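# Chains, contacts and geometry: an overview
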Amino acid sequence: CRLDTPPVSSTSVFVHILYYRLQALKSAFEKKYGDSPQFYACAPGRVNLIGEHIDYCGYSVLPMAIEQNILAAVSVNKSGSIKLANINPLYKDYSVSCSEDIAIDRDNPKWYYYFLCGVKGIQENFGITNLVGMSCVVDGTVPPSSGLSSSSALVCCAGLVTMEANQKSLSKVALAEICAKCERYIGTEGGGMDQSISFLAECGKAKLIEFNPLCATDVKLPAGAVFVISNCCVEMNKAASSHFNIRVVECRIAAKMLAQARGLDCSRLVKLAQVQGELEASLDEMEALVEEVLHPEPYNREEICKALGITTAQFCSELLSSNTQHVTHFRLYQRAKHVYSEARRVLRFKHVCDSEPADALKLLGDLMNQSHSSCRDLYECSCPELDQLVELCLKSGAVGSRLTGAGWGGCAVSMVPVEKVDVFLKAVREGYYLNDPRRAAMEKQSLFVTNRRRGCHFY
Ligand code: GLA
């Protein structure tokens, strides 16, 4: 990508915006470090179309990358330290010596700790004892804490930067797996969707992401509709709260309880998909098993320990994570029911996209709506503002609308027939943003039509 002349031959707004962002980033880098960057790296955010909170249970998800991304300008330096700066003045500079152990403070999830997760992931993968010094300036356009994976994009960008600076090379799949694992240093036990789509995305395509082994398959979205993202303007930083890990723990316990009830070795099984695999059952059969084995009332610790034949100490050390030690009640029935039904909706969504029936838009919209209801009622990962926004999107012409990403705030994704997009945008703008000064101030970055972009790359 040449930075000395604007891209006159390209009509893509994206290329022009990127060109000017790269220019600004280059100037900021030169001002900060007194020299030009040697290379740039970029990792996109994502929108998940369907398949929420099931990747960490071992099930496939269906995201696509978005145009908003994390961009870094980098030079290798001889100072023996990693120097990090951000274009956004809210995010303070940070520097760490290459000879120190990289420490990530989980109780204080600052922006640079996400970067350091990526550095640590590459360092550990290659067993690098002497990381090269790097000077970096980061620029992000993924709205933070909005469910569009700003944190994973930063981890992926850092992984890519560290790999390149240390002259290593990895496949995209390996990078995605490393970045999924190392993001857990920040404390959240995510499942790998965000890092996988950031590395494996391709222009114009959504992907079915399968795990164990990681694999991405193209999903051709129907031509007659677009996906519109709208932010409910409630921020949710999943590393700063325990909501996310509580769900991970509940699914882990549910998997063990189902395994135990069917006489499987439950000490080995930690994912709901593993239990299905062992039982060689269909998703419908797994849902029936949930109905038969689990009860809708919340479980307390004693009941779980008794059923699994473990002590409270084992319960705390083997099943709970460090930020869920305080939890006393677990809704196993609701969480497992969501996971198995959502896993089935993902497969149906893919099937409709592949088979292109005449009523494809209606079928896909219905699946998205069912997904939202399940997230709201069974998984309890929505919030009143997000529910209100989803309702408004449906009233404004969307055929399907649902929360996307971790939830408890952040964005909704809506499928809108092409001919209704203008009316839809006007109605949502007026009905959700303009009547509230705080939301009105955020509207420009909060309501947009997605443009199916490509994944991580260098310039
Ligand atoms: C976060 C996690 C993902 C996934 C989603 C919910 O984005 O990082 O792995 O679990 O939440 O679907």
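About the cut-offs
Residues numbered from 1 in each chain as written. Predicted model: local features only at pLDDT ≥ 70, side-chain atom pairs only at ≥ 80, totals over all residues. Heavy atoms only, no water. Helix = DSSP H or I, 4+ residues; strand = E, 2+ residues; numbered from the N terminus. Rg over C-alpha atoms; globule rule 2.2 N^0.38 Å. Buried < 20%, exposed > 50% of the residue type's maximum accessible area, 1.4 Å probe, protein only. Contact = heavy atoms within 4.5 Å. Areas by Shrake-Rupley, 256 points an atom, 1.4 Å probe, with all protein chains shown as cover. Lys, Arg positive; Asp, Glu negative; His and termini not counted. Charge placed at Lys NZ, Arg CZ, Asp CG, Glu CD. Near = heavy atom within 4 Å. Polar contact = N/O pair within 3.5 Å; in protein donor to acceptor, adjacent residues only side chain to side chain. Nonpolar A, V, L, I, M, F, W, Y, C, P; charged D, E, K, R; others polar. UniProt positions renumbered as here; feature names shortened; annotations may be inferred. Salt bridge = Lys/Arg side-chain N within 4 Å of Asp/Glu carboxyl O.

When you go through the protein residue by residue, the secondary structure sums to 15 helices and 14 strands. Rg of the C-alpha trace for the protein: 22 Å, near the compact-globule value of 23 Å for 459 residues, within the 12% margin. Projecting the C-alpha coordinates of the protein onto the three principal axes gives extents of approximately 65 × 55 × 40 Å. Counting every position in the protein, which comprises 459 residues, the buried fraction comes to 57%. If you take every contact in the protein between residues at least 6 apart in sequence, the share linking residues at least 24 apart comes to 73%. Put simply, the protein shows about 18900 Å² of open surface, and 51% of that area lies on carbon and sulfur atoms. For the protein, the separation between the mean place of its 48 positive charges and that of its 50 negative charges on side chains is 4 Å.

So, about the site of the ligand. Taken together, 14 residues lie around the ligand, and Glu-52, His-53, Asp-55, Gly-191 and Asp-194 are the ones closest in. Residue Glu-52 places a side-chain N or O atom 2.7 Å away from an oxygen atom belonging to the ligand. Asp-194 is positioned with one of its side-chain polar atoms (N or O) 2.7 Å from an oxygen atom of the ligand. Across the complex, the protein chains shield 98% of the 310 Å² of accessible surface that the ligand would expose by itself. Here the residues of the shell around the ligand sort into four nonpolar, five polar and five charged.

This next bit is on the UniProt feature "domain: GHMP kinase N-terminal" (unreviewed entry) in the protein. UniProt's feature table lists "domain: GHMP kinase N-terminal" (unreviewed entry) at residues 115-200, given in the numbering used throughout. Spanning residues 115-200, this segment combines 55% helix with 9% strand, and its end C-alpha atoms are found 20 Å apart.

Following the UniProt record, one finds the feature "domain: GHMP kinase C-terminal" (unreviewed entry) at residues 361-432. Helix makes up 57% of residues 361-432 and strand 15%. Its end C-alpha atoms lie 25 Å apart.

Counting across every chain of the model gives 30 salt bridges. Linking Asp-93 and Lys-32 is a salt bridge whose minimum nitrogen-to-oxygen distance equals 2.5 Å. Within this pair, whereas Asp-93 is found in the loop between strand 3 (81-86) and strand 4 (94-97), its partner Lys-32 is found in helix 1 (residues 13-33), the two being separated by 61 residues in sequence. Given a relative accessible area of 42%, Asp-93 falls into the partly exposed group. The partner of Glu-356 in a salt bridge is Lys-220, and the shortest N-O contact between them spans 3.9 Å. Remark: Lys-220 occurs in the loop between strand 7 (215-219) and strand 8 (225-231) and Glu-356 occurs in the loop between helix 11 (332-355) and helix 12 (360-377); sequence separation between them is 136 residues. Considered together, Glu-356 and Lys-220 belong to a single accessibility category, that of exposed residues. Ionic contacts of the salt-bridge type, sharing partners, join the residues Arg-247, Glu-250, Arg-331, Arg-335 and Glu-380 into one network.

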